[in-house]
Amino acid sequence: GTTGLAYQERPGNPVPMTVPFRDENGRVVSLADIAQGRALILVPAYYDCTSLCGLVRMSLYSALASLGNAGNYALAILSIDPQETIESARMAQRHDQHASERVRGGAPHYLTGAAANIGAVTSAVGFHDRRDPLSGQFLHPAGVVFPSPRGTVSNYLLGIGYTPAQVRSSLRRAQAGLLAQVGAPLLLLCFHFDETTGRYTLETMKVLRLAAVLTVLTLLGLMALLFHRERT
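A few points on the structure.

Cut-offs and rules
- Residues numbered from 1 in each chain as written.
- Predicted model: local features only at pLDDT ≥ 70, side-chain atom pairs only at ≥ 80, totals over all residues.
- Heavy atoms only, no water.
- 1 Å grid on protein atoms, 1.4 Å probe; cavity = no way out; pocket = protein on both sides within 12 Å on 5 of 7 lines; lining within 4 Å.
- Points joined across faces, edges and corners; volume = space filled by probe spheres on them.
- Helix = DSSP H or I, 4+ residues; strand = E, 2+ residues; numbered from the N terminus.
- Nonpolar A, V, L, I, M, F, W, Y, C, P; charged D, E, K, R; others polar.
- Phe/Tyr/Trp six-rings, centres within 6.5 Å; stacked < 30°, edge-to-face > 60°.
- Buried < 20%, exposed > 50% of the residue type's maximum accessible area, 1.4 Å probe, protein only.
- Polar contact = N/O pair within 3.5 Å; in protein donor to acceptor, adjacent residues only side chain to side chain.

## Some words on empty space enclosed by the protein
- Tallied over the full model, the rule gives one cavity of 30 Å³ or more.
- Lining the largest cavity are eleven residues; nearest its centre among them are P44, C53, V56, H140 and A142.
- For the lining of the largest cavity, the secondary structure elements donating two or more residues are β3 (39–45) and α2 (52–67).
- Considered class by class, the residues forming the lining of the largest cavity number nine nonpolar, two polar and no charged.

## Examining the packing of aromatic side chains
- Under the criterion given, the structure shown has four aromatic pairs.
- Both rings, one in Y7 and one in Y156, keep their centres 5.6 Å apart while their planes meet at 65°; by these two values the pair is edge-to-face. Of the two residues, Y7 is situated in the segment before β1 (21–22) and Y156 in strand β9 (residues 153–158); the sequence distance between them amounts to 149 residues.
- Between Y46 and F138 the ring centres are 5.0 Å apart and the planes differ by 65°, which places this aromatic pair in the edge-to-face class. Separated by 92 residues along the polypeptide, Y46 in the loop between β3 and α2 and F138 in strand β7 (residues 138–139) bring together distant segments of the chain.
- For Y46, a relative accessible area of 2% translates into the label buried.

## Digging into the side chain of Q137
- Checked against the element boundaries, Q137 lands in the loop between β6 (130–131) and β7.
- Only 2.8 Å separates the side chain of Q137 from the side chain of Y46, close enough to count as a polar contact.

See below:
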């Protein structure tokens, strides 16, 4: 099943900040080098992803661009695929350039690395993935992790579609070293297994349908409240 692939939230857990990776320019860097004592926005994903990874980055960049000065933070995209190269990271950077250059907190770093180093970080933040042998694509949850300046997990934004207010709140919690309470697991995978076709298909339509239902229920509740107030 895919339920084991949901983020296992681990607020307070130390992140291995000193293991080496390579950035899009081929330089050896660690998360500590990137953070430099600041709160960190960490996005585990991969660059050859054909579905939600790009949407996660675009949603995050859009929210950050709307924040203006959100304080001191750093931003790192970490490839979960040890086979990806510096050129993969560079291509993702070029693809994102128009959106990411509007982020005032500084340019994102696009990292690649060895399997053991990737696994050390993803395990620490409770991120799980599995490669589909047929397509070669990874099944993994969508979300963003906010480590504190001390290098411990502060909080998460799971799924996609982040608002500026959500990102601002998550950043402030991370900057203050506060730990968020663990919420109910949210499983939004890049792919979902369809037994009728034997392939993984985008889960996005399910999310959109759920969002539509919740919107309708909210509107109905608001209308009922207004009607009740009018009568009283």
